[in-house]
Amino acid sequence: VGDTVILVSAPGAGGVAVENNTGIKTNSAGYAVVPNASPYRVNNVALRVEDLPDNAEVKNAKLNVVPTKGAVVLAQYETRQGYKAFLTLRDHGGSAVPFSSKVYDSRGREAGIVGSRGRVYLTGLDAKGELDVVWGGKPGADGCRVKYELPIAEVPVDTSGKKGRAKILTAKASCMQTAALEKR
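Quick look at the structure, then. Since we're looking at a predicted model, the values are computed, not measured.

**Looking at the overall build of the chain**
A count of helices and strands for the chain gives 0 helices and 14 strands. Ordering the α and β elements of the chain from the N terminus gives β-β-β-β-β-β-β-β-β-β-β-β-β-β. Looking at the chain as a whole, 39% of its 184 residues qualify as buried. In the chain, the proportion of contacts linking residues at least 24 apart, taken out of those at least 6 apart, comes to 61%.

**Some details on the pairing of strand 1 (residues 5-9)**
The buried fraction of strand 1 amounts to 4 of the 5 residues, a majority that puts the element mostly inside the structure. Bridge count between strand 1 and strand 2 (residues 31-34): 4 bridges; the pairing is antiparallel. When the bridges of strand 2 are listed, Leu7 appears paired with Val33.

**Details of the environment of Ile113**
Within the secondary structure, Ile113 is located in strand 10 (residues 110-113). As for Ile113 and Val133, which are separated by 20 residues in sequence, their C-alpha atoms are 9.0 Å apart.

**As for the pattern of salt bridges**
Taken as a whole and assessed by the stated rule, the structure comprises 10 salt bridges. The shortest N-O distance in the salt bridge between Glu57 and Lys84 comes to 3.0 Å. Residue Glu57 is located in strand 4 (residues 56-58), and its partner Lys84 is located in strand 8 (residues 83-90); the two are separated by 27 residues in the primary sequence. On the basis of relative accessibility, which here comes to 24%, the residue Glu57 falls in the partly exposed class. Overall, Lys84 belongs to the buried group, its relative accessible area being 13%. Of the charged contacts, one joins Asp105 and Arg80 as a salt bridge, the two residues approaching to 3.2 Å between their closest N and O atoms. Of this pair, Asp105 sits in the loop between strand 9 (102-104) and strand 10 while Arg80 sits in strand 7 (residues 79-81); the two residues are 25 residues apart in sequence, bridging distant segments of the chain. Comparing Asp105 with Arg80, the two get one shared label, buried. Taken together, the salt bridges that share partners define one network made up of Arg80, Asp105, Arg107 and Arg109.

About the thresholds
Residues numbered from 1 in each chain as written. Predicted model: local features only at pLDDT ≥ 70, side-chain atom pairs only at ≥ 80, totals over all residues. Heavy atoms only, no water. Helix = DSSP H or I, 4+ residues; strand = E, 2+ residues; numbered from the N terminus. Buried < 20%, exposed > 50% of the residue type's maximum accessible area, 1.4 Å probe, protein only. Contact = heavy atoms within 4.5 Å. Pairing = 2+ DSSP bridges. Salt bridge = Lys/Arg side-chain N within 4 Å of Asp/Glu carboxyl O.

Shown next, in the form of structure tokens:
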């Protein structure tokens, strides 16, 4: 294994190859050990995104680590598991929420930025839930909370075993309330 190794952590991304390391894939929990890392040098660690499960996304598939001699260094990937969807977001008056509004998930993580006509692409969604939408760049900025429910009955079951067949769902969601939301 060598005395300097990289521990890859990509929760929910099982069976994903680590590029430039023949035969190394993450286990079912999303972990892998990359042996023979170069100490005191930048080591590029990249996940093969084509291998990701259909319900998983990784924020940045390539990380750089610089281990010391004899170290076990962590390459921690931010992963999201769940549905993928384009949501059209409307304010309480029925108008599209402002362009470039930030959308936060139920854990307070930035999940996306609203584009034209109130549309936003989101990953790692539950079948239904709530999102915070914030616009304006000052503390106490305006925003709203939206409830959404995805049309998961429309998702075809893929029994082929091939990846890359995940359907991107579409749904509409409206603000439940408009209020000054805490700036994130």
